[in-house]
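# A closer look at the structure
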Amino acid sequence: MQQQIPASFFVSNLSCMSAKFSPFDIDKIAITCADNFGIQGKGRLIIGQIQPNQPIKILFQSEENDAVFDCSWNEADPNVIAIGCGNGIVKVLNAGTKQILTQYLESKEEIQSVEFGHKNPNWLLASNLIGITRLFDITTQKPVAYFQTHKGCAYTCTWHPIQQNIFATSGNDGAMRLWDLNSPSNKNIASVKAHMSDTLSCDFNKYEELIATSSADKTIKLWDLRNLKAPIQTLLGHRHPVRKVKFSPHDAVILGSASYDMSVMIWNIQEPSNPLIKNHPKHTEFVVGLDFSIHTEKQICSASWDGKTMVWQWDQEQPTV
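- Going by the annotation in an unreviewed UniProt entry, the name recorded for the chain is Peroxin-7, with Paramecium sonneborni given as the source organism.
- Annotation of the chain in UniProt includes, under Subcellular location (unreviewed entry), the sentence "Cytoplasm".

Structure (structure tokens):
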């Protein structure tokens, strides 16, 4: 019988915007926050220690002049983390030494998504409100590539888990696009009108040639990367826009989703007739952040505008905070 992992939680006076488990430390988590739901005001990065059945202990925090929408751990150094802010700043920090390693300001448009490369940890993607995605090399002070990924907001940029030169983006033009740094002029190698409304999120499956997209149209769609002509599955159940989708790093068939309907749902994509495994409805505002632990099977975290980040085992009940 698998051991159950006790829940933990974090409560802030700011809205929680994203939460990411550390790729190095089993009990460490990063949380980003924003005042006034990210519309205006300050922001904050929290590095915390997960404590069973207790509040997450703050180990480090960085106060920012604007909202902090997203963060990404560097996979070569356990203390290095990047954040994307509402004033267009992309900042790379060392939480151990409490130093700013580098900072970029290429535009004043808010940064919606940041992600370090899995295979090349010096590469950092950042997508913004006007559809531009930039590739930075953190050993330099300037971007090394520039992509007009969407017409309007680029909500998500995410690296392929195996092929280091490929990444995906999603945007408010309803599209999901694939990009290859090895193609001529870094061209878009595939594009699909994934949804009729904003495509708010996308995530690669770590084990299969699949990518999931989620939308303001309340649906989640699964796509075969070898044939993007039509989705292979559509998941229905959320009552409002689905802000985030994330595949489990432990099981190819498990998918998590976070929605403006204030719930987190867990799906088994191998069950086409009844894929919904669990509905977690304990948040009291939009749920906008979601992650799976790579260390602990079935451990998940969610971040919400209600100022709460919750950590729990997804096959158990979500904690009430």
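### Comments concerning unusual backbone geometry
- In this structure, Lys-98 is a non-glycine residue whose phi angle is positive, near 60°.
- In this structure, Lys-98 sits in the loop between β8 (89-94) and β9 (99-105).
- Looking at Lys-98, the relative accessible area reads 60%, which means it is exposed.
- Although it is not a glycine, Lys-218 sits at a positive phi angle of roughly 80°.
- Within the secondary structure, Lys-218 is located in the loop between β19 (210-215) and β20 (220-224).

### Digging into the environment of Phe-24
- By the element assignment, Phe-24 lies in the loop between β2 (15-21) and β3 (28-34).
- What makes Phe-24 partly exposed here is its relative accessible area of 36%.
- Between the C-alpha atoms of Phe-24 and Arg-243, which are 219 residues apart in sequence, the distance is 26 Å.

### Quick word on the pattern of salt bridges
- Counted by the stated rule, this structure contains 9 salt bridges.
- For Glu-63, the salt bridge goes to Arg-44, with nearest N and O atoms at 2.8 Å. Pair noted here: Glu-63 is in strand β5 (residues 57-64) and Arg-44 is in strand β4 (residues 43-49), with a separation of 19 residues, a long-range link.
- Notably, a salt bridge pairs Lys-278 with Glu-317, separated by 3.3 Å at the nearest N-O pair. Here Glu-317 lies in the segment after β28 (308-313) and Lys-278 lies in strand β25 (residues 276-280), a separation of 39 residues in the sequence.
- Looking at Glu-317, the relative accessible area reads 54%, which means it is exposed.

### As for the UniProt feature "repeat: WD" (unreviewed entry) in the chain
- UniProt's feature table lists "repeat: WD" (unreviewed entry) at residues 147-189, 192-233 and 235-270, given in the numbering used throughout.
- Here residues 147-189 is 0% helix and 51% strand, with 12 Å between the C-alpha atoms at its ends.
- Secondary structure across residues 235-270 divides into 0% helix and 50% strand, with the first and last C-alpha atoms of the span separated by 12 Å.

### Things to note about the layout of surface pockets
- Size it by volume and the largest pocket reaches roughly 690 Å³.
- Taken together, 36 residues line the largest pocket, and the ones lying closest to its centre are Glu-75, Glu-115, His-118, Lys-246 and Asp-291.
- Every element with two or more residues in the lining of the largest pocket is listed here: β2, β6 (68-73), β10 (111-116), β14 (154-159), β18 (199-204), β22 (242-247) and β26 (287-292).
- Class assignment of the residues belonging to the lining of the largest pocket gives a composition of 18 nonpolar, 9 polar and 9 charged.
- Taken as a whole, the second largest pocket holds about 270 Å³ of empty space.
- Along its surface, the second largest pocket is lined by 13 residues, and Met-17, Phe-69, Gln-112, Arg-243 and Val-288 are the ones closest to its centre.
- Put simply, the parts of the chain that give the lining of the second largest pocket at least two residues each are β2, β6 and β22.
- In terms of residue class, the lining of the second largest pocket is built from 7 nonpolar, 2 polar and 4 charged.

### Side note on the nonpolar core
- In terms of nonpolar packing, the biggest core is built from 25 residues, with Ile-220, Leu-255, Ile-269 and Ile-300 touching the most fellow members.
- Elements with a contribution of two residues or more to this core: β19, β20, β22, β23 (254-259), β24 (264-268), β26 and β28.
- Beyond its immediate sequence surroundings of up to four residues, Ile-300 is in contact with Phe-21, Val-264, Ile-266, Leu-290, Asp-291, Phe-292, Met-310, Val-311, Trp-312 and Trp-314.
- In terms of nonpolar packing, the next biggest core, distinct from the first, is built from 14 residues, Phe-10, Leu-14, Phe-21 and Ile-29 among them.

### Re the sheet that holds β25
- Pairing within the open sheet is antiparallel, and its 4 strands lie in the order β22-β23-β24-β25. Strands at the two margins of the open sheet, each flanked by one partner only, are β22 and β25. On average, adjacent strands in this sheet sit at an angle of 15° to one another, irrespective of strand direction.

### Let's talk about empty space enclosed by the protein
- As enumerated under the stated definition, the model contains 2 cavities of 30 Å³ or more in all.
- A volume near 70 Å³ is recorded for the largest cavity.
- Looking at the largest cavity, it is lined by 13 residues, and the ones nearest its centre are Val-90, Glu-106, Ile-111, Arg-134 and Phe-136.
- Of the residues that constitute the lining of the largest cavity, the class distribution is 7 nonpolar, 4 polar and 2 charged.
- When its volume is computed, the second largest cavity comes out at roughly 40 Å³.
- Around the second largest cavity sit Gly-117, His-118, Lys-119, Asn-120, Trp-123, Trp-159, His-160 and Gln-164, which together line it.

Cut-offs and rules
Residues numbered from 1 in each chain as written. Predicted model: local features only at pLDDT ≥ 70, side-chain atom pairs only at ≥ 80, totals over all residues. Heavy atoms only, no water. UniProt positions renumbered as here; feature names shortened; annotations may be inferred. Helix = DSSP H or I, 4+ residues; strand = E, 2+ residues; numbered from the N terminus. Buried < 20%, exposed > 50% of the residue type's maximum accessible area, 1.4 Å probe, protein only. Salt bridge = Lys/Arg side-chain N within 4 Å of Asp/Glu carboxyl O. 1 Å grid on protein atoms, 1.4 Å probe; cavity = no way out; pocket = protein on both sides within 12 Å on 5 of 7 lines; lining within 4 Å. Points joined across faces, edges and corners; volume = space filled by probe spheres on them. Nonpolar A, V, L, I, M, F, W, Y, C, P; charged D, E, K, R; others polar. Core = buried A, V, L, I, M, F, W, Y, C linked by side-chain atoms within 4.5 Å. Contact = heavy atoms within 4.5 Å. Pairing = 2+ DSSP bridges. Axes fitted to C-alpha atoms, helices over the stretch in contact; angles between N-to-C directions.

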